[in-house]
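Fold and geometry: a report
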Amino acid sequence: MSTPKRHNAAFAGFGQSRVFRGPEVPLGKLAVEASLAAIGDAGLELSQIDGVVCTPDAPFARGQSADGIEFVSTSHLVRELGLAPRWTADVPGMIGNSALAAIRAVEDGECNYALLFRALHNPGSGTYGHTQETKSDEIQLSGTDVHYAIEQFRAPYGLYPPADAAALPWSQYQARYNSGSREQMAALVMQSRKNGLAFEGSYWAQYKPSELSFEDYMNARMVSRPVSIFDCDIPVQGAGAFIITTAERARDLAQPAAYVHGVAGPVPARGKVTVDEALDEQMADFRDIGRRLWSDAGCGPGDISLANLYDGFSLMPILWLEALGLCGKGEGFDFIQDGRIAPTGKLPVNPSGGNLGSGRLHGVNHFMDAMLQVSGRSGKRQIEGADLAVITIGVSWASAGLVVGKDPL
Amino acid sequence: MRTDGSDKIGREGEGEIMSLHPPLSVADDLTKAFWEGVKQGKLLVQRCAECRRYQFPPHLSCESCSSARVSYKEVSGRGAILSFTETVSGARHPYFQSISPYLVGMVRLDEQEDLIFASNFESKYADLMIGAPVEVEFQERAQGTVIPQFRLCTTRQMER
């Protein structure tokens, strides 16, 4: 293990907006709600926010049309809040990408208090949006359609989420390891829902507060075999926000902070037919993040008290468990059994529900939970001895890993 | 050559029957040669003149050695199923909604292990197997377009 780089950053405030299953409230308003809550949580004044960063992307090409409605840029939020930042960045990808930018910005002195926010659009249809939304053939032939670039090799086959990112690698996993049945997967999906019900900001806790039974899971509507509707996170309209500052400044704020111990940023994607490619390609990307993360943090899988592993689709946290060395290769589906990943288990995974148990805010839940757990602020969800947490976000080009701890480095 | 049968499928829309066909690909400067090859019944893949590696999808330069000396070469069109799924529900495009459930997956070409193509399969879900040998065929689609598809081959031994 190489000598770890000393980080000087901390998560020091969190806020989340209301969440909805429809676009009735403009995203800009929800981003403002979340941001004000985060700023208030840290005990800061608006005038002290001198950095603003976000990932404005919707997870599908045609969702982004109006700033403040279907997506939210930093400039929109700066105007709405009347901020005067000296550093802003709109970072493509997922929240991990913008969180890493915020950490570097405060470490480099670009700003003292960075407001990181993520606002996500729930498509009007209430279903997964993606690049195949277009229905008009005229548009498809006019040159304004999306079936350019990589889509020209995917769209004609009807290859899109969750088939590409979840079903194809899962099928490969099953064939390779003779493991990974839906019966086994039920343990993770049921636990995630249960965890989410304990988090007041979860979609499920607010609107459908009941646990998922084994029968519910096994009988769920099939989307792309073996992926059912419950293997996909539920799209919601909502926003989350965080305050990131230096370790020294964090000590003077209103709440105990979560200190950054290590980070690993995304790897550039090689040419791929699908966004995430198949099992080997996804695992190679995840392992690369894991290797660099442990090296940067100066710790290893055995030191971790809990894990917040990205779970846009149910297979992902299992692949992350293996890629980070939290369990052995091909052992992920065995590892998630017998309550091992429950909040009371050997390695709690997504104790606030993750995406699957709280709704698709693309990793807001993972950052929130890790931050509040290690700073001892998780209330009824608090895990005893939660000193060090690992967070992983996303898929290949949008992936990131972080280790946050109770103590500053 | 197989056809998608799309002209037989119609849908009520705004008082008239609209013909439903799969999404069409729009070639760009980098991929024009690929699509022209497909129209002529050839599967062309970029190959680097320096490191000899193939790559797909096409790129401006070699992804392995960064050489700009990449050009299209015909490949065998033989490979094996890398993975597959049956999309039962949730298809977004009306054509794929109309033919659901349908089989879709990825194929790995024999030439190189990371040469991966999407494909639909005309089979039953239960009859498909990862590693099953496949070979390319060319499917006519709407508006005179053609796409490569892969069909299970019965004449070859499984190689993986």
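Keep in mind the model is a prediction, meaning the values are calculated, not measured.

Right, let's get into the overall build of chain B. Scanning chain B from N- to C-terminus turns up two helices and 11 strands. Counting from the amino terminus, helix and strand elements in chain B follow one another as β-β-β-α-β-β-β-β-α-β-β-β-β. With 160 residues in all, chain B has 51% of them scored as buried. Here the analysis covers contacts within chain B between residues at least 6 apart in sequence; of these, 56% occur between residues at least 24 apart.

The next point concerns the overall build of chain A. Secondary structure assignment for chain A yields 14 helices and 11 strands. Buried positions account for 66% of the 409 residues belonging to chain A. In chain A, of all internal contacts separated by at least 6 residues, the share reaching a separation of at least 24 is 76%. Within the structure as shown, chain A displays about 13,500 Å² of accessible surface, and the carbon and sulfur contribution to it stands at 51%.

Mapped onto the elements, B:Asn120 comes out in strand 9 (residues 116-120). Reaching out from B:Asn120, the side chain makes a polar contact with the backbone oxygen of A:Tyr157 at a distance of 2.9 Å.

On to the confidence of the model for chain B, then. If pLDDT is low for a region, its predicted coordinates should not be looked at in detail. Summary statistics for chain B give a mean pLDDT of 86 and a share of 84% for residues scoring 70 or more. Predicted as a complex, the structure gets a pTM of 0.92 and an ipTM equal to 0.89.

Counting 97 residues, the largest nonpolar core has A:Phe11, A:Met185, A:Phe242, A:Leu321, A:Phe367, A:Val390 and A:Val403 as the members making the most contacts within it. The greatest single-element share of this core, amounting to eight residues, is contributed by helix 3 (residues 95-107) of chain A. Apart from the residues within four sequence positions on either side, A:Val390 is in contact with A:Leu293, A:Trp294, A:Ile304, A:Leu306, A:Ala307, A:Asn308, A:Leu309, A:Leu324, A:Leu326, A:Leu402 and A:Val403. By size, the runner-up hydrophobic cluster in this structure holds 40 residues, among which are A:Tyr157, A:Leu159, A:Ala278 and B:Ile116.

As a further point, take the environment of A:Ala398. Residue and element names in this part refer to chain A. The residue Ala398 is located in the loop between strand 10 (388-393) and strand 11 (400-405) in this model. Between the C-alpha atom of Ala398 and that of Ile103, which follows or precedes it by 295 residues, the distance is 16 Å. Among residues more than four places away in sequence, those in contact with Ala398 are Gly93, Met94, Asn97, Pro266 and Ile393.

On to the packing of helix 5 (residues 163-177) of chain A against helix 10 (residues 279-297) of chain A, then. Residue and element names in this part refer to chain A. Where helix 5 meets helix 10, the closest approach of the two axes is 9 Å, and the angle between their N-to-C directions is 100°. Taken together, helix 5 and helix 10 sit at an angle that is classed as roughly perpendicular. The segment helix 5 lies against helix 10, with Ala165, Pro169, Gln172, Tyr173 and Arg176 engaging Leu279, Asp280 and Gln282.

Our focus in this paragraph is the confidence of the model for chain A. On average, residues of chain A carry a pLDDT of 90, and 89% of them reach 70 or more. Overall, residues 129-146 of chain A carries pLDDT values under 50, and its contacts beyond four positions in sequence, including any with other chains, amount to 49 contacts.

All names here are of chain A. Viewed as axis vectors pointing N to C, helix 10 and helix 11 (residues 315-323) meet at an angle of 55°, and their least axial separation amounts to 9 Å. On the basis of the axis angle, helix 10 is oblique to helix 11. Between helix 10 and helix 11 the crossing geometry is right-handed. Where helix 10 abuts helix 11, its residues Leu279, Gln282, Met283, Phe286, Arg287 and Ile289 lie against Met316, Leu319, Trp320, Glu322 and Ala323.

Tallied over the full model, the rule gives 16 salt bridges over all chains. Notably, a salt bridge pairs B:Arg53 with B:Asp114, separated by 2.9 Å at the nearest N-O pair. Of this pair, B:Arg53 sits in the loop between strand 4 (44-48) and strand 5 (54-55) while B:Asp114 sits in the loop between strand 8 (102-109) and strand 9, placing them 61 residues apart in sequence. Here B:Arg151 and B:Glu137 are joined by a salt bridge, their closest N and O atoms 2.8 Å apart. Here the residue B:Arg151 occupies a position in strand 11 (residues 146-152), and B:Glu137 occupies one in strand 10 (residues 133-140), the gap between them amounting to 14 residues. You can call B:Glu137 buried: its relative accessible area is 9%. What emerges from the salt-bridge pattern is a single network uniting A:Asp288, A:Arg291 and A:Arg292.

Below, the discussion takes up the side chain of A:Ser358. All names here are of chain A. Looking at the secondary structure, you find Ser358 in helix 13 (residues 354-358). Reaching out from Ser358, the side chain makes a polar contact with the backbone oxygen of Gly354 at a distance of 2.5 Å. A polar contact is formed between the side chain of Ser358 and the side chain of Asn365, at a distance of 3.1 Å. The residues touching Ser358, leaving out its near neighbours within four places in the chain, are Phe199, Ser202, Tyr203, Trp204, Ser352, Gly353 and Asn365.

Within the secondary structure, A:Gln172 is located in helix 5. Note on A:Gln172: relative accessible area 5%, which makes it buried. Those residues within four positions of A:Gln172 in sequence are excluded, and the remaining contacts are A:Ala278, A:Leu279, B:Leu82, B:Ser83 and B:Ile130.

This part covers empty space enclosed by the protein. Over the atoms, a rolled probe matching the size of one water molecule traces out where space is still vacant. Residues and elements named next belong to chain A. For the structure on display, the rule yields five cavities of 30 Å³ or more. Taken as a whole, the largest cavity spans an internal volume of roughly 50 Å³. Residue lining of the largest cavity: Gln16, Val19, Gly201, Val236, Ser358, Gly359, Leu361 and Asn365, and that is the complete set. Across the lining of the largest cavity, the residue classes tally to three nonpolar, five polar and no charged.

Time to look at the packing of aromatic side chains. The tally for this structure, following the rule as stated, stands at 21 aromatic pairs over all chains. Each ring, one from A:Phe11 and one from A:Phe367, has its centre 5.6 Å from the other, and the planes form 40°; the classification is tilted. Of the two residues, A:Phe11 is situated in strand 1 (residues 10-16) and A:Phe367 in helix 14 (residues 364-374); the sequence distance between them amounts to 356 residues. The class of A:Phe11 is buried, set by a relative accessible area of 1%. A relative accessible area of 1% places A:Phe367 in the buried class. On the numbers, 5.0 Å between centres and 80° between planes, the contact of B:Tyr95 with B:Phe96 is edge-to-face. Assigned by exposure class, B:Tyr95 and B:Phe96 land together as buried. Ring-pair connections join several aromatic residues into one group, and the members of that group are A:Phe153, B:Phe34, B:Trp35, B:Phe56, B:Phe117 and B:Phe150.

Cut-off values and rules
Residues numbered from 1 in each chain as written. Chains lettered and ligands numbered in written order. Predicted model: local features only at pLDDT ≥ 70, side-chain atom pairs only at ≥ 80, totals over all residues. Heavy atoms only, no water. Helix = DSSP H or I, 4+ residues; strand = E, 2+ residues; numbered from the N terminus. Buried < 20%, exposed > 50% of the residue type's maximum accessible area, 1.4 Å probe, protein only. Contact = heavy atoms within 4.5 Å. Areas by Shrake-Rupley, 256 points an atom, 1.4 Å probe, with all protein chains shown as cover. Polar contact = N/O pair within 3.5 Å; in protein donor to acceptor, adjacent residues only side chain to side chain. pLDDT = per-residue confidence, 0-100. Core = buried A, V, L, I, M, F, W, Y, C linked by side-chain atoms within 4.5 Å. Axes fitted to C-alpha atoms, helices over the stretch in contact; angles between N-to-C directions. Parallel < 35°, antiparallel > 145°, perpendicular 65-115°, else oblique. Left-handed = near helix turned anticlockwise from the far one by under 90°. Salt bridge = Lys/Arg side-chain N within 4 Å of Asp/Glu carboxyl O. 1 Å grid on protein atoms, 1.4 Å probe; cavity = no way out; pocket = protein on both sides within 12 Å on 5 of 7 lines; lining within 4 Å. Points joined across faces, edges and corners; volume = space filled by probe spheres on them. Nonpolar A, V, L, I, M, F, W, Y, C, P; charged D, E, K, R; others polar. Phe/Tyr/Trp six-rings, centres within 6.5 Å; stacked < 30°, edge-to-face > 60°.

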